Amino acid sequence: MTTAEQLQLLTAGTTRVISAGELADRLDAGRPLRVKLGVDPTAPDIHLGHTVALEKLRQFQQLGHQAVLIIGDFTATVGDPSGRSATRPPLTRDEVLANAETYTTQAFKVLERGRTEVVFNGDWFRRMSYEEVLRLNSQVTLQQMLQREDFHTRIDAAQEVRLHEIQYPIMQGWDSVEVRADVEIGGTDQLFNILVGRDLQKAHGQPPQVAVLMPLLEGLDGVRKMSKSYGNYVAVSDPPAEMFGKLMSLSDELMDRYYQLLLGAGRDPAGHPMEAKKDLAERLTARYHDPAAAAAARADWDTRFSRRDLAAAELPELALTELPAGLTVVALAAHVFATVFGLPKSNGEIRRQFVTAGAVQLNGARLDDPNATVTLRPGDVLRLSKKHAVRVR
RNA sequence: GGGUAGGUUCCGGAGCGGUCAAACGGGGCAGACUGUAAAUCUGCUGGCUCACGCCUUCGCUGGUUCGAAUCCAGCCCUGCCCA
């Protein structure tokens, strides 16, 4: 493949490349490029937001380049202030290591394992002496750091910024020096950090890395970027039905965004939006599970939500034998929420939100008397809300 | 170190001795509508009973008072100005 062809492929879908000319020069050299992507294991799951950059990294791999996946076990304990309006809560070392484990596993749902170098940045940072830290710090000015929007908006809003937070860009930059990155991939919010990497590389006699910036994927709420801490994410490890269901809850507008960023193409403008959404959900579910599971998830979603046929739908099971006898509607609903769905709810909430509102139904009949006792039989379908229902076994 | 402004329920933010479980907005949840959605509308949003009422909560610890989120003292934490 010619440089021009590679360049075209590699810049597709990016927001910005700094600079395309530099990237072309590197490609011309003909050797495999070292392409860096850093992820901080601050949560146990990789989500679709991460996959935008991961997919780009895979493209590089497919063209024969070397992926360098940096697990920010050290930086995770500091917390990236990018886009943050407040200091991140610190993670313990154990949490970080556990997360790193699942992260790498999940990242290989996208990346080719054989062509990926995985490194932990704690390997160099934990060894660094205070002297070295100071030397690093001397290469960056406070003014540069304060130019960052994240910091000065917080400062303007009279909110605290702690000193360790302004270390973050320096650390991320140093990672680039350590791995001798030719290219770094990141979200647009990583621009500043990646540029610091360029500066540090130059200062250490390396050619500065090319910055490849990817658009940020909005989360399910359509407003904020996808993030575990906002609870608006679709995890790569979500089971098929859940993944499919979450994707179906997208607004039409967001669906177009997902099409662009995750599938790299627009949807058929002539088709019905809901069909397009089902296609999107099925394709992504197939990508992280398999086509059969995705098709099953789609079929089940149809019976459950389109046709509202709970009786025929695939539902979690409730073992009758494990239930205390003579439960009231409220007690039963609370029990099912807690044990089947892992959502402990107070009796008051169950009564108010669910029972009185008519959300709780047995085989389609409303159970709106909170204190009535319920007798369940095997095969019964107990609905707690639109999204929560179980089949009695 | 000095001065000053603050720390309120998931978040923002009112309250400034009783009528406060605490306005209002956001978020969240449930229902109606619909293409499961979005938008819109309605309701709920500390816990127990749900009827009265009771219990826990307004940075922490004590105190004043019949009674405190509201007053006082000490402590912890944060912003801003000064050094």
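Just so we're clear, the structure is a prediction, and the values are computed from it rather than from any experiment.

## Re the protein's contact with RNA strand B
Taken together, the neighbourhood of RNA strand B is formed by 27 residues, with Met248, Lys277, Arg351, Gln353 and Arg383 sitting nearest. Backbone atoms, meaning sugar and phosphate, form 62% of the atoms of RNA strand B found within 4 Å of the protein. With respect to RNA strand B, the backbone of Gly348 contributes an N or O atom lying 3.2 Å from a phosphate oxygen. Contributing elements (two or more residues each) for the surface near RNA strand B: helix H13 (273-288), helix H14 (291-306), helix H16 (347-355) and strand E10 (381-385). The dominant element in the surface near RNA strand B, judged by the number of residues it contributes, is H16, at 6 residues. Of the residues that constitute the surface near RNA strand B, the class distribution is 10 nonpolar, 8 polar and 9 charged.

## Topic: the pattern of salt bridges
Applying the stated criterion to the full structure yields 25 salt bridges. Residues Arg126 and Asp73 are paired through a salt bridge, measuring 2.9 Å at the closest nitrogen-oxygen approach. Pair noted here: Arg126 is in the loop between helix H5 (122-125) and helix H6 (130-137) and Asp73 is in the loop between strand E3 (66-71) and helix H4 (93-107), with a separation of 53 residues, a long-range link. The class for Asp73 is buried, based on a relative accessible area of 2%.

## Some words on unusual backbone geometry
In this model, Ile18 is joined to Ser19 through a cis peptide bond whose omega is -10 degrees. Along the polypeptide, Ser19 turns up in the loop between strand E1 (16-18) and helix H2 (20-28). Positive phi, close to 50 degrees, is recorded for Arg180, a residue that is not glycine. Within the element layout of this structure, Arg180 appears in the loop between helix H9 (168-179) and strand E5 (183-187).

## As for the confidence of the model for chain A
With 97% of its residues at a pLDDT of 70 or more, chain A shows a mean pLDDT of 90. Here the predicted complex carries an ipTM of 0.85, next to a pTM of 0.87.

## Observations concerning the pairing of strand E6 (residues 210-214)
Across the 5 residues that make up E6, a large majority, 5, are buried. Burial along E6 is two-sided: Val210, Val212 and Met214 and Ala211 and Leu213, pointing in opposite directions, are all buried. As judged from the 3 bridges shared by E1 and E6, these two strands associate in the antiparallel manner. Residue Arg16 lies in a different strand from E6, and its bridge partner there is Leu213. Where E5 lies against E6, 5 bridges are found, and the strand directions are parallel. Following the sheet pairing, Gly187 is matched in E6 by Met214. With respect to chirality, the unit in which E5 leads through helix H10 (residues 191-203) into the neighbouring parallel E6 is right-handed.

## Points about the packing of aromatic side chains
In the structure shown here, the tally under the stated rule is 6 aromatic pairs. Ring centres 5.5 Å apart and planes at 40 degrees place the aromatic pair Trp301 and Phe305 in the tilted group. Here Trp301 and its partner Phe305 are both found in helix H14, 4 residues apart, which amounts to about one turn of the helix. Using a relative accessible area of 15% as the deciding quantity, one classes Trp301 as buried.

## A few points about the packing of H13 against H14
Between H13 and H14, the shortest axis-to-axis distance is 8 Å and the interhelical angle comes to 145 degrees. Judged by the twist between their axes, the crossing of H13 over H14 is right-handed. Across the interface between the two elements, Met274, Glu275, Lys278, Asp279, Glu282, Thr285 and Ala286 of H13 pack against Pro291, Ala294, Ala295, Arg298, Trp301, Asp302 and Ser306 of H14. Of the residues belonging to the contact of H13 with H14, the class tally is 6 nonpolar, 2 polar and 6 charged.

The rules behind the values
- Residues numbered from 1 in each chain as written.
- Chains lettered and ligands numbered in written order.
- Predicted model: local features only at pLDDT ≥ 70, side-chain atom pairs only at ≥ 80, totals over all residues.
- Heavy atoms only, no water.
- Near = heavy atom within 4 Å.
- Polar contact = N/O pair within 3.5 Å; in protein donor to acceptor, adjacent residues only side chain to side chain.
- Helix = DSSP H or I, 4+ residues; strand = E, 2+ residues; numbered from the N terminus.
- Nonpolar A, V, L, I, M, F, W, Y, C, P; charged D, E, K, R; others polar.
- Salt bridge = Lys/Arg side-chain N within 4 Å of Asp/Glu carboxyl O.
- Buried < 20%, exposed > 50% of the residue type's maximum accessible area, 1.4 Å probe, protein only.
- pLDDT = per-residue confidence, 0-100.
- Pairing = 2+ DSSP bridges.
- Right-handed = clockwise from strand over helix to strand, strands pointing away.
- Phe/Tyr/Trp six-rings, centres within 6.5 Å; stacked < 30°, edge-to-face > 60°.
- Axes fitted to C-alpha atoms, helices over the stretch in contact; angles between N-to-C directions.
- Left-handed = near helix turned anticlockwise from the far one by under 90°.
- Contact = heavy atoms within 4.5 Å.

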